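# Topology and contacts: notes
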Amino acid sequence: MQSLKTKVAIIGAGPSGLLLGQLLAKQGIDNIIIERVSADYVASRIRAGILEQGTVDLLEEAGVSERMHAEGHVHTGFEIAHFGKRYRIDLDKYTGGKSVMCYGQTEITQDLMAARSEKALVTYYESSNVVLNDAKTDNPFVTFEQDGQQYKLECDYIAGCDGFHGVSRQTIPKEQRTEFERVYPFGWLGVLSDTPPVHDELIYAKHERGFALASMRSPTRSRYYIQVPTTEKVENWSDDAFWDELKKRLPGEVAERLVTGPSIEKSIAPLRSFVCEPMQYGRLYLVGDAAHIVPPTGAKGLNLAASDVGLLYKLLCKCYQQNQPQAMQSYSELALKRVWQTERFSWWMSNMLHDYRDDKTSATDGLTFERFMNAELEFYMSRDDGLRIIAEQYVGLPHPLV
Ligand code: RFL
Ligand code: PHB
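A brief report on the enclosed structure follows.

### Comments concerning the layout of surface pockets
Approximately 300 Å³ is the volume attributed to the second largest pocket. Every residue lining the second largest pocket is counted, 16 residues in all, and those nearest its centre are Pro185, Gln227, Val228, Pro229 and Asp358. In terms of residues, the lining of the second largest pocket owes the most to one element, strand 17 (residues 221-229), which gives 3 residues. Its residues assigned to classes, the lining of the second largest pocket comprises 6 nonpolar, 4 polar and 6 charged.

### Regarding the site of ligand 1
Around ligand 1 sit 26 residues, and of these Ser16, Glu35, Arg45, Gln105 and Asp289 come closest. Residue Ser16 places a side-chain N or O atom 2.8 Å away from an oxygen atom belonging to ligand 1. Taking Glu35, its side chain carries an N or O atom lying 2.6 Å from an oxygen atom of ligand 1. Notes on ligand 1: free accessible area 1000 Å², of which the protein chains cover 84%. The set of elements that each furnish at least two residues to the shell around ligand 1 consists of helix 1 (15-26) and helix 10 (301-321). Residues that form the shell around ligand 1 fall into these classes: 11 nonpolar, 8 polar and 7 charged.

### With respect to the nonpolar core
Formed by 76 residues in total, the largest nonpolar core has its most connected members in Leu19, Leu20, Leu51, Val142, Phe144, Leu312 and Tyr331. Ignoring any residue separated from it by four or fewer positions in sequence, one finds Leu19 in contact with Leu58, Leu59, Ala62, Leu112, Ala306 and Val309. Counting 36 residues, the second largest nonpolar core, distinct from the first, contains Leu213, Ala299, Tyr380 and Met381.

### Section: the sheet that holds strand 3 (residues 31-34)
Read across the sheet, 6 strands follow the order 9-3-2-13-20-19 without closing on themselves; strand pairing throughout is mixed. Every other strand in the sheet has two partners, leaving strand 9 (123-124) and strand 19 (280-281) as the edge strands with one partner each. Bridge analysis of strand 2 (residues 8-11) against strand 3 gives 4 bridges, and the strand direction is parallel. Looking at strand 3, one finds that Val8 is bridged to Asn31. Running at roughly 165 degrees to strand 3, helix 1 makes contact with strand 2, strand 3 and strand 13 (157-160) of the sheet.

### Here's the deal with the state of the cysteines
Here the structure, examined in full by the defined rule, presents 0 disulfides. For Cys155, which is in no disulfide, the shortest distance to another cysteine sulfur is to Cys319 and amounts to 12 Å. Judged by relative accessible area, Cys155 falls into the buried class, the value being 6%.

### A few points about the sheet that holds strand 4 (residues 50-51)
What the 3 strands build is an open sheet, ordered 4-8-5; its pairing is antiparallel. If you trace the sheet from one side to the other, it starts and ends with strand 4 and strand 5 (73-75), each paired once. Pairing of strand 4 with strand 8 (residues 100-102) involves 2 bridges; the strand directions are antiparallel. Residue pairing for strand 8: Leu51 is matched across the bridge by Met101.

Conventions and cut-offs
Residues numbered from 1 in each chain as written. Chains lettered and ligands numbered in written order. Predicted model: local features only at pLDDT ≥ 70, side-chain atom pairs only at ≥ 80, totals over all residues. Heavy atoms only, no water. 1 Å grid on protein atoms, 1.4 Å probe; cavity = no way out; pocket = protein on both sides within 12 Å on 5 of 7 lines; lining within 4 Å. Points joined across faces, edges and corners; volume = space filled by probe spheres on them. Helix = DSSP H or I, 4+ residues; strand = E, 2+ residues; numbered from the N terminus. Nonpolar A, V, L, I, M, F, W, Y, C, P; charged D, E, K, R; others polar. Near = heavy atom within 4 Å. Polar contact = N/O pair within 3.5 Å; in protein donor to acceptor, adjacent residues only side chain to side chain. Areas by Shrake-Rupley, 256 points an atom, 1.4 Å probe, with all protein chains shown as cover. Core = buried A, V, L, I, M, F, W, Y, C linked by side-chain atoms within 4.5 Å. Buried < 20%, exposed > 50% of the residue type's maximum accessible area, 1.4 Å probe, protein only. Contact = heavy atoms within 4.5 Å. Pairing = 2+ DSSP bridges. Axes fitted to C-alpha atoms, helices over the stretch in contact; angles between N-to-C directions. Disulfide = S-S within 2.5 Å.

Rendered as structure tokens:
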């Protein structure tokens, strides 16, 4: 057994773990990351694309914003199409000058990995049998294996950044956590393609055939999604079938301009709302998808992970730089306030924009729910206050104050 020691053991090298590690390292707070899969696998996952200003600020503070500012695109608005009628949410106008940044999670991950290796910070990729021990005591440690070698990592704190399927949340005894969950009766089929985006801003389209989203990664790379039943299999969708269905759901004049091409990635993601309370157990802190999942309709998953990271980072700075370890106790309560606000927004946007008519899982029958949500959408789209409420949440609610 090889012995290691650090201040903060970080489980998972997704955006949460990598960003936390980078921020802490800049402040001279030692950390080691333990990751289950290979570096190549981590660097190639295709996920989120829209960053709130708060996320951009944290990437700047971490010193990894150069390529984002050079290659990312600032979006000052987006559209919602309701049965073909287009509404623009002017983020700039309704939030007093705020915007979002279009820059892929894949790129952020690569930037953070490059910064970590430049500083020769320690990451154990392809680790197995990761076990969190004695989290409730003042001397927690993590054991794991890599290349047949066994390791024991002693630390002051453990940051559980290992996503929804990780070990960190499971380490909290079942009777000491409460899990809140809503699984939606549909998923998103997503396609990435090297084709110019159909529009220069995102379009969230509600249509009788189901929801569609026209997004992008760059002026030459598009990301599109369509709502599909949860039972749908990706093998059943040829590229042509996807493009045909997408065209039917986008507003006519937009669909006419759609440039199609071969998909570079195609996958189906389920939609889920999930929160684990509390987000803390002794010296273990849950961060990002390890603690909560939002449906992607509001583009919040990655941004919520970043606000957890920002909070834990500030509390750890208080602990180590101002000798205030008691500050760590406020993490779960402070984080959960913003988590639930963001969960609410993502759930609400998902309800308004998807087709629920086939839903047999809810108390309200699908057709009635559909009527309620159409009225809700019309109500918000038809008044400035409604557009402002959406804009304020889309650019991101304030991060918790420490
Ligand atoms: P991640 O990205 O899941 O990273 C967790 C990391 O932990 C590792 N891991 C372990 N490491 C050590 N030991 C173990 N036992 C471990 N178990 C797991 C994993 O290999 C992984 O590297 O969580 P993190 O860092 O909190 O980041 C959260 C974001 O990735 C997530 O919120 C968003 O990507 C959600 N999400 C989307 N969000 C958006 O805002 N817009 C999107 O379009 C969007 N698309 C998506 C998504 C999430 C998806 N998932 C989770 C399947 C599409 C997909 C497919
Ligand atoms: C994406 O580009 O992947 C994306 C953008 C906005 C969302 C969800 C996904 O709401």
